[in-house]
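If you want the building blocks of each chain, they are given just below.
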Amino acid sequence: MSARLQLGVLVSGSGTNLQAILDAVVQGRIDVELKVVVSNRPRAAAIQRARDAGVPVAVVNHKQFDSREAFESELVEVLRGHGVQWVALAGFMRVLTPRFLDAFPDHVVNIHPALLPAFPGTHGPRQALEHGVRFSGCTVHFVDGGTDTGPIIAQAVVPVLDTDTAETLAARILQQEHQTYPWVLQLLAQGRVVRSGRRVRVTGAEPLQFGHVNPPPPSR
Ligand code: GRF
């Protein structure tokens, strides 16, 4: 049996995080097999990124389902049909219920553009600016039933500059997202992420060190 992480990625939008994952897979930097990309939006730019990389794509349009449960059941069926074991949300703009999460228990991760638990939801960079924080960043976390509330795996930090707009801050955070998400997927592939309740430890040869706020590149 392959030791590689059998991954499905859910997207809704531009897909730059998906691209970072695709690049890491194609360049052999992470032990991940990207089985399928699923978009809930038929026109998401992310779809073309997956196609260009030769990865199977499915569109499961939430608008075509009567209920959230029916939509999520179809998502589960598509992912299982492609042999997916882990699910990464990458700019996926629907909240998932237990109907979905129970199908992949403790195997769904998300990336969020803020240092959780501060500024969950859809406007992380803008809220960070409005609140006047001096640092923000991104968080990769396990997904639970709440909005951006699950156990935190990794965070990367960026400064907030006096000259920042929501857009410039979001762009600075996004650069870190593109480093952090592939790195976390590699930690998961290596079985180095250990959960104990809300606390998550990274084990092995290159543990996170104190003061080491941003991730190194993934290593095999
Ligand atoms: C990212 O900032 C991600 O953290 C958030 O939505 C944005 C998606 O960007 N959930 P992309 O689609 O990966 O370019």
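Sequence order as written defines the numbering, with residues in each chain counted from 1. Note on the predicted model: pLDDT of at least 70 is required for a residue's local features to be given, and 80 or more for side-chain atom pairs to be given and counted; whole-chain, interface and lining totals, by contrast, use all residues. By convention in this description, side-chain values take in all heavy atoms of the structure and omit both hydrogens and water.

Quick notes on the packing of aromatic side chains
Reasoning step 1: Whether two aromatic rings pair depends on their centres lying within 6.5 Å, for rings of Phe, Tyr and Trp, where Trp uses its six-membered ring; planes under 30 degrees apart make the pair stacked, over 60 edge-to-face, and the rest tilted. On inspection of all chains with the given rule, the structure shows three aromatic pairs.
Reasoning step 2: Note on Trp 86 and Phe 142: the rings are 6.4 Å apart at their centroids and 40 degrees apart in plane angle, and the pair reads as tilted. Placement of the pair is Trp 86 in strand β4 (residues 86-89) and Phe 142 in strand β6 (residues 135-142), with a sequence separation of 56 residues. For the pair formed by Trp 86 and Phe 142, the shared burial category is buried. Under the scheme used here, helices are H or I runs from DSSP no shorter than 4 residues and strands are E runs no shorter than 2 residues, and both carry numbers assigned from the N terminus. For the exposure calls, accessible area comes from a 1.4 Å probe over protein chains only, and a residue counts as buried if that area is under 20% of its type's maximum, exposed if over 50%, partly exposed in between.

Topic: helix α3 (residues 68-81)
Reasoning step 1: What a helix should span is 1.5 Å times the count of its residues minus one. The terminal C-alpha atoms of α3, which comprises 14 residues, lie 20 Å apart, in line with the 20 Å expected from a rise of 1.5 Å per residue.
Reasoning step 2: Listed in full, the buried residues belonging to α3 are Phe 71, Glu 72, Leu 75, Val 76, Val 78 and Leu 79. Along the axis of α3, the buried positions cluster into a sector of 165 degrees, meaning they face one direction only. The outward face of α3, more than 90 degrees from its buried face, is lined by the exposed residues Glu 77, Arg 80 and Gly 81.
Reasoning step 3: In this structure, the buried residues of α3 make contact with β1 (5-11), β2 (32-39), β3 (57-59), β4 and α4 (98-101).
Reasoning step 4: The first or second residue beyond α3 is Gly 83, which carries a positive phi of 75 degrees. Directions drawn from the helix axis to the C-beta atoms are what define this arc. For this analysis, residues touch if any pair of their heavy atoms sits within 4.5 Å.

Section: the environment of Thr 165
Reasoning step 1: Take Thr 165: it is sitting in the loop between β7 (152-159) and α6 (166-189).
Reasoning step 2: Exposure remark for Thr 165: the relative accessible area of 35% places this residue in the partly exposed category.
Reasoning step 3: Taking the C-alpha atoms as reference, Thr 165 lies 7.6 Å from Leu 129; in sequence the two are 36 residues apart.

Describing the side chain of His 112
Reasoning step 1: Structurally, His 112 can be placed in strand β5 (residues 108-112).
Reasoning step 2: Residue class for His 112 comes out buried when judged on its relative accessible area of 2%.
Reasoning step 3: Only 2.7 Å separates the side chain of His 112 from the backbone oxygen of Phe 119, close enough to count as a polar contact.
Reasoning step 4: A distance of 3.2 Å separates the side chain of His 112 from the side chain of Asp 148, its partner in a polar contact.
Reasoning step 5: Leaving out residues up to four positions away in the same chain, His 112 has contacts with Phe 119, Pro 120, Gly 121, Gly 137, Cys 138, Thr 139, His 141 and Asp 148. Side-chain atoms alone can form a polar contact between residues adjacent in sequence; in general such a contact is a pair of N or O atoms within 3.5 Å, and within protein one must be able to donate a hydrogen while the other accepts it.

Purely geometric numbers; function is a separate question.
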